[in-house]
Amino acid sequence: MGVDLRQVVAGILTITMFVMLGQMLHRDYFDAQVQGDAHDIEFHGSKVSLEDGLVRSREGNNGPWLEDSHDLKPCWSISESDEAVSSKGYVTFSLTNGPEYHVSQITDAVMVAKHLGATLVLPDIRGSKPGDEMNFEDIYDADKLVKSLESVLKVVKKLPSHVSLRDIAIVKVPTRVAEDYIKEHINPIFKSKGNIRVTTYFPSVNLRKSSLDGEADPVSCLAMFGSLELQPGVNELVELMIQRLKSKNSGGRFIAIDLRVEILEKKNCHETGAGGSKTCYNAQEIAVFLRKLGFDGDTTIYLTQPRWDSSLNILKDIFPKTFTKEAIMPADKKSKYLELENSEYENVIDFYISSRSDVFVPAIPGLFYANTVGKRIALGKPQVLVPAEISGTSGLSTDYISPYISKKNHLAYSCFC
């Protein structure tokens, strides 16, 4: 019987991957497909050339790693019309649902307070469960926020005692709220009540630039990218964990993957998105995707999954240096940051490690993906690889760069140029 020479060559070139794939046959296939809002957030990879200035390859580093790019600089400036005016009344709000929402919530609250000429009250932080409340200073740097915004509005740490909660009107605002909306819909309520409490709702979780957006509001850019920083203790922990991850291999690099089993198991991750495409990817599918892109078995991987789950074993079989936060967090920090029922610390750690990793791979779509990309654009870290089912035995990582970056259509590109 004749042998096809092309098959022989392909077999030789990919023998390592075939051996690893053989291991998969002995494990249950953990199926997860789609999150319902996927069609709305540009989750499909798109091709980008090495010459277009977005990415630059590194040679001889045992994988398709790309260099950071620091060509972009903040291109917003505060004009006289943006400067703080005498304050009248107060705007209060809370940060909820995790750091990926905090970025948008604080931007919207700042925009509302600025265009109303009001004083902004430092928010509290609320978790997903009743009673999960933290002070802003538990996670973020309050002094940094106050100082960064002092040129555009006044920020106080507490609502004055003479202001009664009964005198505060609750106002829902759409994320990315614009000045015209504030003047038309919010200002009349503010004039009537004198104080308002802002809650942000999310008609969409995509952060694409729109032709309707026009020029970026410099106050919005400042709030989104220049005001929110971790408080020193939390930032020190994140940096320590990043250094531990980098020390796991000789190249000093690692991949962060947003992969959470709880979300993969939900019904909307088993549906199909636009064009019948997949938008949720499980551990096995991510492992195959990374191997086909050329990441070798020595690659270090950080997972946002809270605790180890047996469905992740297949990923660790192929990439033994795969860790969740419990494996790399110092033992003396776990009682505060891991062993509490409140998961806000864990969410924040995931978000900031994903923002600062050498490569970010979103296994599930959503606002975590969108705001992590925004943070990475600001930090000059463009290697965000969107998973896909690669036909054949290999692929180029530059074919799977997030469209937010390859098309430069993320909102962050309105603030950095």
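See the structure shown above.
Let us look at the structure shown here.

About the criteria used
- All residue numbers refer to positions counted from 1 along the written sequence of the respective chain.
- For a predicted model such as this one, the threshold for reporting local features is a pLDDT of at least 70, and the threshold for listing and counting side-chain atom pairs is 80 or more; totals across whole chains, interfaces and linings nevertheless cover every residue.
- Side-chain calculation: all heavy atoms of the structure are included, whereas hydrogens and water are not.
- The definition of a nonpolar core used throughout is a set of buried Ala, Val, Leu, Ile, Met, Phe, Trp, Tyr and Cys residues joined through side-chain atoms within 4.5 Å.
- When a residue's accessible area, from a 1.4 Å probe over protein chains only, is under 20% of the maximum for its type it is buried; when over 50% it is exposed; and in between it is partly exposed.
- Contacts: residue pairs with any heavy atoms within 4.5 Å of one another.
- For every element, the axis is a line fit to its C-alpha atoms; helices are fit only across the contacting stretch, and the angle between N-to-C directions ranges from 0 to 180 degrees.
- By the criteria applied, helices consist of DSSP H or I runs no shorter than four residues and strands consist of E runs no shorter than two, each listed in order from the N terminus.
- Roughly parallel means an angle under 35 degrees; roughly antiparallel, over 145; roughly perpendicular, 65 to 115; everything else is oblique.
- Take the far helix as the reference: if the near one is turned anticlockwise from it by less than a right angle, the crossing is left-handed, and if turned clockwise, right-handed.
- Each residue gets one of three labels, nonpolar for Ala, Val, Leu, Ile, Met, Phe, Trp, Tyr, Cys and Pro, charged for Asp, Glu, Lys and Arg, and polar for the others, Gly among them.
- The term disulfide is used for any two cysteine sulfur atoms that are within 2.5 Å.
- Aromatic contacts are taken between Phe, Tyr and Trp rings whose centres are within 6.5 Å, Trp giving its six-membered ring; a plane angle under 30 degrees counts as stacked, one over 60 as edge-to-face, and the others as tilted.
- When the NZ atom of lysine or the CZ atom of arginine is within 6 Å of a ring's centre and also within 35 degrees of its normal, the charge is said to sit over that ring.

**Some points on the nonpolar core**
With 113 residues, the main nonpolar core has Val 112, Tyr 140, Ile 196, Ile 257 and Leu 290 as its most contacted residues. Those residues in contact with Leu 290 that sit more than four places away from it in its chain are Ile 255, Ile 257, Phe 295, Ile 301, Phe 319 and Val 361. Counting residues in each nonpolar core, the second largest holds five residues, with Tyr 90, Val 121, Val 156 and Ile 168 among its members.

**Observations regarding the packing of helix H14 (residues 344-356) against helix H15 (residues 367-379)**
With their axes 8 Å apart at the nearest point, H14 and H15 run at an angle of 45° to one another. When the interaxial angle is binned, H14 and H15 end up oblique. In the packing of H14 onto H15, the handedness of the crossing is right-handed. Packed against H14, whose contacting residues are Asp 350, Phe 351, Tyr 352, Ser 354, Ser 355 and Arg 356, the element H15 presents Phe 368, Asn 371, Thr 372, Lys 375, Arg 376 and Leu 379 at the interface. When its residues are assigned to classes, the contact of H14 with H15 shows four nonpolar, four polar and four charged.

**Describing the state of the cysteines**
According to the stated counting rule, one finds two disulfides in the structure shown. Across a sulfur-sulfur distance of 2.5 Å, Cys 75 and Cys 417 are joined as a disulfide pair. Highlighted residues: Cys 75 in the loop between helix H2 (15-24) and strand E1 (90-92) and Cys 417 in the segment after helix H16 (403-406), separated in sequence by 342 residues. A relative accessible area of 34% means that Cys 75 is categorised as partly exposed. The exposure class assigned to Cys 417 is exposed, which follows from its relative accessible area of 53%.

**Overview of the packing of aromatic side chains**
Here the structure, examined in full by the defined rule, presents 11 aromatic pairs. Ring geometry for Phe 136 versus Tyr 140: centroids 5.4 Å apart, planes at 35°, classification tilted. Just as Phe 136 is buried, Tyr 140 falls in that class too. Relative to Tyr 345, the ring of Tyr 337 lies with its centre 4.8 Å away and its plane at 75°, an arrangement referred to as edge-to-face. Each member of the pair, Tyr 337 as well as Tyr 345, carries the same accessibility label: buried. Each residue in the set Phe 351, Tyr 352, Phe 360 and Phe 368 is aromatic and connected to the rest through ring pairs, giving one cluster. Sitting over the face of the ring of Tyr 281, Lys 278 holds its NZ or CZ atom 5.3 Å from the ring centroid.

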